[in-house]
Amino acid sequence: MDYLFQVKPHFSPDFDKWDAFWENIKNDNRFDEELKKFFTFLHASGFYKDVSFEDWLHINNWNHPWYKNEDEELKTVNEILSYVHGLDYLKILLADMPWLTIR
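This section reports on the structure supplied with the text. Residue indices begin from 1 for each chain and proceed along its sequence in written order. At least 70 in pLDDT is required for a residue's local features to be given in this predicted model, at least 80 for side-chain atom pairs to be given and counted, and no such filter applies to totals for whole chains, interfaces and linings, which use all residues. Note: side-chain values were computed over all heavy atoms of the structure, leaving out hydrogens and water.

## Examining the packing of aromatic side chains
Right, so step 1: Between the rings of Phe, Tyr and Trp (Trp by its six-membered ring), a pair exists once the centres lie within 6.5 Å; its type follows the angle of the planes, with under 30 degrees stacked, over 60 edge-to-face, and the other angles tilted. Tallied over the entire structure, the rule returns 14 aromatic pairs.
Right, so step 2: Consider the rings of Phe31 and Phe39, whose centres lie 5.1 Å apart with planes at 85 degrees: the pair is edge-to-face.

Below, the structure written as structure tokens:
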């Protein structure tokens, strides 16, 4: 159980981090408001940990950024956004992230 606490986000948002991140992302035209709010939640919950948000957009292991090995088959967030209907596809992938569906 200790391992899970070390590698998984705690999901208790820090609202100071929330406000600061929102100020940086609220006018970013790459994302719709729904994604901006989700990314803000992830940031405030400590999900990105040792990687900046901009770096996170460019890594293959964006669904587990705390792991060092990258999943070569997974596209980066920026690659997904370049697809036709990429925003919608990204939302589907985000909703299926394993740490969100643990029961």
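## Thoughts on the nonpolar core
Right, so step 1: Ranked by internal contacts, the top residues of the largest apolar core, which has 22 residues, are Phe31, Phe39, Tyr48, Phe53, Trp56, Trp62 and Leu90.
Right, so step 2: Within the residue set of this core, elements represented by two or more residues are helix 2 (15-25), helix 3 (33-44), helix 4 (53-56), helix 5 (77-81) and helix 6 (86-95).
Right, so step 3: Excluding residues that lie within four positions of it along the chain, Phe39 makes contacts with Phe21, Ile25, Phe31, Tyr48, Phe53, Trp56, Leu90 and Leu94. Within this scheme, the nonpolar core is defined by two criteria: the residues are buried Ala, Val, Leu, Ile, Met, Phe, Trp, Tyr or Cys, and they are joined through side-chain atoms within 4.5 Å. Burial here depends on accessible area, computed with a 1.4 Å probe over protein chains only, as a share of the maximum for the residue type. Under 20% is buried, over 50% is exposed, and the range in between is partly exposed. Secondary structure elements follow DSSP: runs of H or I no shorter than four residues count as helices, runs of E no shorter than two count as strands, and numbering proceeds from the N terminus. We call two residues contacting when some pair of their heavy atoms lies within 4.5 Å.

## Focus: the packing of helix 3 against helix 6
Right, so step 1: Between helix 3 and helix 6, the shortest axis-to-axis distance is 11 Å and the interhelical angle comes to 35 degrees. For the crossing formed where helix 3 meets helix 6, the hand is left-handed. Within the contact between the two elements, helix 3 uses Glu34, Leu35, Phe38 and Phe39 and helix 6 uses Leu87, Leu90, Lys91 and Leu94.
Right, so step 2: Classifying every residue of the contact of helix 3 with helix 6 by side-chain character gives 6 nonpolar, no polar and 2 charged. Axis definition: a line fit to C-alpha positions, over the contact stretch in the case of helices; interaxial angles, taken between N-to-C directions, run 0 to 180 degrees. The handedness criterion is simple: a crossing whose near helix is rotated anticlockwise from the far helix by less than a right angle is left-handed, and one whose near helix is rotated clockwise is right-handed. When residues are grouped by polarity, Ala, Val, Leu, Ile, Met, Phe, Trp, Tyr, Cys and Pro land in nonpolar, Asp, Glu, Lys and Arg in charged, and all others, Gly among them, in polar.

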